Amino acid sequence: MSALVLIVEDERDIAATLSYNLQREGYTTRLAANGTEALEGANREPRPDLVLLDLMLPDMAGTEVCRRLRSTASTREIAVIMVTAKGEEIDRVVGFEVGADDYVVKPFSVRELLLRIRAVLRRRQKSEVARERIRFQELQLDEAAHQAWLGEEELALTALEFRLLHTLLSRKGRVQTRDTLLEDVWNMDPGVTTRTVDKHVQRLRQKLGAAANYIETIRGVGYRFSTTQG
Ligand code: CA
């Protein structure tokens, strides 16, 4: 699958040239002419793999766009290459303050840009594998960190609830019987009954709030993580 690059650039000619060159290299491109469109374009499915972000935009600074991408769970993993003009605040751009992965200074050669894009994407891919995040619509789970987010909000789940949610989500669309869940989530602890499963699913649903209906009850059988809700 080819990587999707969101090109954020208010100068149409430059945007068109970049898009043309990236497509020729096998990338898919999406265009945004200002910061508002950039945030919208980064949040739309399929999510871009990388944002090429011009620093000077008509409605907000590129640094601000980058900061918002980084502070939003659904976009925080997207790679960002900042495009700056000579003399702009490069230190701040690549510093921790904003969180861009790399930058290029205008005027740059297409070749240089392509090399940087390739390098950043490769780096990102590696860290993503290490992190093993799974997602479904607004829901995101980080297996290693045992953290879950709904949109931008982190869910306060117990270890058990996390395991339950993770088990259901990683088998989404497939019905899990109470016995299966007992085995895989509770490791068949003595004293745990199928009623325990029901109680915990109920509690998990409460914590999921708006996403509670992601978990469907299959009467008399068990539970299933839905593939259609939302
Ligand atoms: Ca500009």
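Residues numbered from 1 in each chain as written. Predicted model: local features only at pLDDT ≥ 70, side-chain atom pairs only at ≥ 80, totals over all residues. Heavy atoms only, no water.

**Q** Looking at this structure, I do not really get the pattern of salt bridges. What am I missing?
**A** Pairs can form between side chains of opposite charge once their charged atoms are near each other. This structure, assessed with the given rule, holds 16 salt bridges. Residues Arg116 and Asp102 are paired through a salt bridge, measuring 2.9 Å at the closest nitrogen-oxygen approach. Within this pair, whereas Arg116 is found in helix α5 (residues 110-131), its partner Asp102 is found in strand β5 (residues 102-106), the two being separated by 14 residues in sequence. Given a relative accessible area of 28%, Arg116 falls into the partly exposed group. (Salt bridge = Lys/Arg side-chain N within 4 Å of Asp/Glu carboxyl O. Helix = DSSP H or I, 4+ residues; strand = E, 2+ residues; numbered from the N terminus. Buried < 20%, exposed > 50% of the residue type's maximum accessible area, 1.4 Å probe, protein only.)

**Q** Looking at this structure, how should I read the domain arrangement of the chain?
**A** Often, the extent of an interface is quoted as the loss of accessible area on bringing the components together. Partitioning the chain into structural domains gives domain 1 (4-127) and domain 2 (133-225). The C-alpha centroid of domain 2 is placed 36 Å from the C-alpha centroid of domain 1. Counting residues at the interface gives 7 residues for domain 1 and 6 residues for domain 2. Interface area for domain 1 against domain 2, summed over the two sides, is near 570 Å², with a carbon-plus-sulfur share of 38%. It is Ala73, Arg76 and Glu77 that lose the most area in domain 1 upon contact with domain 2, and together they represent 60% of the buried surface on that side. At the surface where domain 1 touches domain 2, the tally comes to 0 salt bridges. (Domains from an automatic or database assignment. Contact = heavy atoms within 4.5 Å. Buried area = accessible area lost by both parts, 1.4 Å probe.)

**Q** Help me understand the packing of helix α2 (residues 35-43) against helix α3 (residues 62-70) in this model?
**A** Each pair of packed helices can be described by the angle between their axes along with the distance between the axes. Where α2 contacts α3, the axes come no closer than 10 Å and their chain directions differ by 25°. Classed by the angle they form, the pair α2 and α3 counts as roughly parallel. Relative to α3, the crossing made by α2 is right-handed. Residue-level inspection shows Gly35, Ala38, Leu39 and Ala42 of α2 in contact with α3, the latter providing Val65, Arg68 and Leu69. Here the residues of the contact of α2 with α3 sort into 5 nonpolar, 1 polar and 1 charged. (Axes fitted to C-alpha atoms, helices over the stretch in contact; angles between N-to-C directions. Parallel < 35°, antiparallel > 145°, perpendicular 65-115°, else oblique. Left-handed = near helix turned anticlockwise from the far one by under 90°. Nonpolar A, V, L, I, M, F, W, Y, C, P; charged D, E, K, R; others polar.)

**Q** What exactly am I supposed to notice about the sheet that holds strand β7 (residues 139-142) here?
**A** Hydrogen bonds between backbone groups are what pair the strands of a sheet, and the pairing can be parallel or antiparallel. Within the open sheet, the 4 strands sit side by side as β6-β7-β8-β9. Their pairing is antiparallel. Whereas interior strands pair on both sides, the edge strands pair on one side only; in this sheet they are β6 (133-136) and β9 (153-154). Sheet topology note: the strand β8 (residues 147-150)/β9 ladder contains 2 bridges and is antiparallel. Along β9, the bridge assignment pairs Trp149 with Glu154. Lying over the sheet, helix α6 (residues 159-170) contacts β6, β7 and β8, oriented at roughly 115° with respect to β7. (Pairing = 2+ DSSP bridges.)

**Q** Can you help me understand the sheet that holds β5 in this one?
**A** The sheet built from 5 strands is open, its strands ordered β2-β1-β3-β4-β5 with parallel pairing. Of all strands in the sheet, those bounded by a partner on one side alone are β2 (28-32) and β5. The average undirected angle you get between the axes of adjacent strands in this sheet is 20°. Direction of pairing for strand β1 (residues 4-8) relative to strand β3 (residues 50-54): parallel, over a ladder of 4 bridges.

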